Amino acid sequence: GENVEQHPSTLSVQEGDSAVIKCTYSDSASNYFPWYKQELGKRPQLIIDIRSNVGEKKDQRIAVTLNKTAKHFSLHITETQPEDSAVYFCAASMEPWGNKLVFGAGTILRVKS
Amino acid sequence: GAVVSQHPSRVICKSGTSVKIECRSLDFQATTMFWYRQFPKQSLMLMATSNEGSKATYEQGVEKDKFLINHASLTLSTLTVTSAHPEDSSFYICSARQGVNYGYTFGSGTRLTVV
């Protein structure tokens, strides 16, 4: 089955700096890659997603890049703010066949002010 | 937007008892529900996938007789933890999907503590 690896496990940045989180996946059939932000004790919130027919997607300060050949995708957060501090999870699924998300281990992002 | 309501948010139960967790899709029909377990500082681990009206598909290593999943209607799925033990203490989260062209909507989670 699919295996998703995520790095780093923790990331500390200064407010205003950029943060990059990277994930690799094992199954080349995976074609949907969402990113979630989770605050302590809360539900995961979708922040951005990308499908395998595009290489990059951007939404204000957040962007995701996908390299299908290398089977990795990355989350980029620019101009980080203290409220960006949370745990971020990447995930992968095969649409429409697999229909289930496999999550990475998560990255604790701390933005220091 | 799509909303999934999950109850209870917190529950404490004694060892050996059973606990039922409910997830309801409030404004859409959830053809598929997913149940996850999340231990502290760890990722979401998929336990099972259920489609309305059919038996749930459990992930490897998840005991189907211990974690009973019912998805009797398009808006309601339940997870019952039977004969709970302290090692079952965890954060349980459901996720619902209207169909393959729709996103995944998460419930707010249930913190289960077995004493």
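Check the entry above for the structure.
Residues numbered from 1 in each chain as written. Chains lettered and ligands numbered in written order. Predicted model: local features only at pLDDT ≥ 70, side-chain atom pairs only at ≥ 80, totals over all residues. Heavy atoms only, no water.

Some words on the sheet that holds strand 1 (residues 4–7) of chain A
All names here are of chain A. Ordered by their spatial adjacency, five strands build an open sheet running 1-3-8-7-6, and the pairing between neighbours is antiparallel. The outermost strands of the open sheet, each flanked by one partner alone, are strand 1 and strand 6 (56–59). Pairs of neighbouring strands in the sheet enclose a mean axial angle of 15°, with direction left out of account. (Pairing = 2+ DSSP bridges. Helix = DSSP H or I, 4+ residues; strand = E, 2+ residues; numbered from the N terminus. Axes fitted to C-alpha atoms, helices over the stretch in contact; angles between N-to-C directions.)

A look at unusual backbone geometry
Each neighbour pair has its own omega, and for H7 of chain A with P8 of chain A the value is -5°, a cis peptide bond. When you line up the elements, P8 of chain A lands in the loop between strand 1 and strand 2 (10–14). A positive phi angle is found at K41 of chain B, which is not glycine, with a value near 60°. Position of K41 of chain B relative to the elements: it lies in the loop between strand 4 (32–38) and strand 5 (45–51).

Let's talk about the sheet that holds strand 1 (residues 4–7) of chain B
All names here are of chain B. Spatial ordering of the open sheet is given by 1-3-8-7, a layout of four strands whose pairing is antiparallel. Strand pairing shows two members of the sheet lacking a second neighbour, strand 1 and strand 7 (67–73), which therefore form its edges. With direction set aside, neighbouring strand axes in the sheet form an average angle of 15°. As defined by bridge partners, strand 7 adjoins strand 8 (residues 76–81) across five bridges and the pair is classed as antiparallel. Of the residues in strand 8, the one forming a bridge with I69 is L79.

Notes on the state of the cysteines
Under the defined criterion, the tally for this structure stands at two disulfides over all chains. One disulfide in the model links C23 of chain A with C90 of chain A; its S-S distance is 1.9 Å. With the S-S bond torsion at -95°, the cross-link from C23 of chain A to C90 of chain A turns out left-handed. Of this pair, C23 of chain A sits in strand 3 (residues 19–25) while C90 of chain A is found in strand 9 (residues 86–92), placing the two residues 67 residues apart along the sequence. Considered together, C23 of chain A and C90 of chain A belong to a single accessibility category, that of buried residues. We note that C13 of chain B lacks a disulfide partner, and the nearest cysteine sulfur, in C23 of chain B, lies 17 Å from it. (Disulfide = S-S within 2.5 Å. Buried < 20%, exposed > 50% of the residue type's maximum accessible area, 1.4 Å probe, protein only.)

Quick word on the pattern of salt bridges
Residue and element names in this part refer to chain B. Enumeration over the complete set of coordinates arrives at five salt bridges over all chains. R24 is paired through a salt bridge with E22; the nearest N and O atoms lie 3.7 Å apart. For E22, a relative accessible area of 27% gives the class partly exposed. (Salt bridge = Lys/Arg side-chain N within 4 Å of Asp/Glu carboxyl O.)

Topic: the interface of chain A and chain B
Listed as interface residues are 17 residues of chain A and, on the opposing side, 19 residues of chain B. Taking both partners together, chain A and chain B bury about 1,600 Å²; carbon and sulfur atoms supply 52% of that area. Here chain A is connected to chain B by one salt bridge. Its salt-bridge partner being E59 of chain B, residue K100 of chain A comes within 3.0 Å of it at the nearest N-O pair. For the pair chain A and chain B, the interface holds six residue pairs in polar contact (both at pLDDT 80 or more). Element by element, the count of residues in the side of chain A that touches chain B is highest for strand 4 (residues 32–38) of chain A, at three residues. (Contact = heavy atoms within 4.5 Å. Buried area = accessible area lost by both parts, 1.4 Å probe. Polar contact = N/O pair within 3.5 Å; in protein donor to acceptor, adjacent residues only side chain to side chain.)

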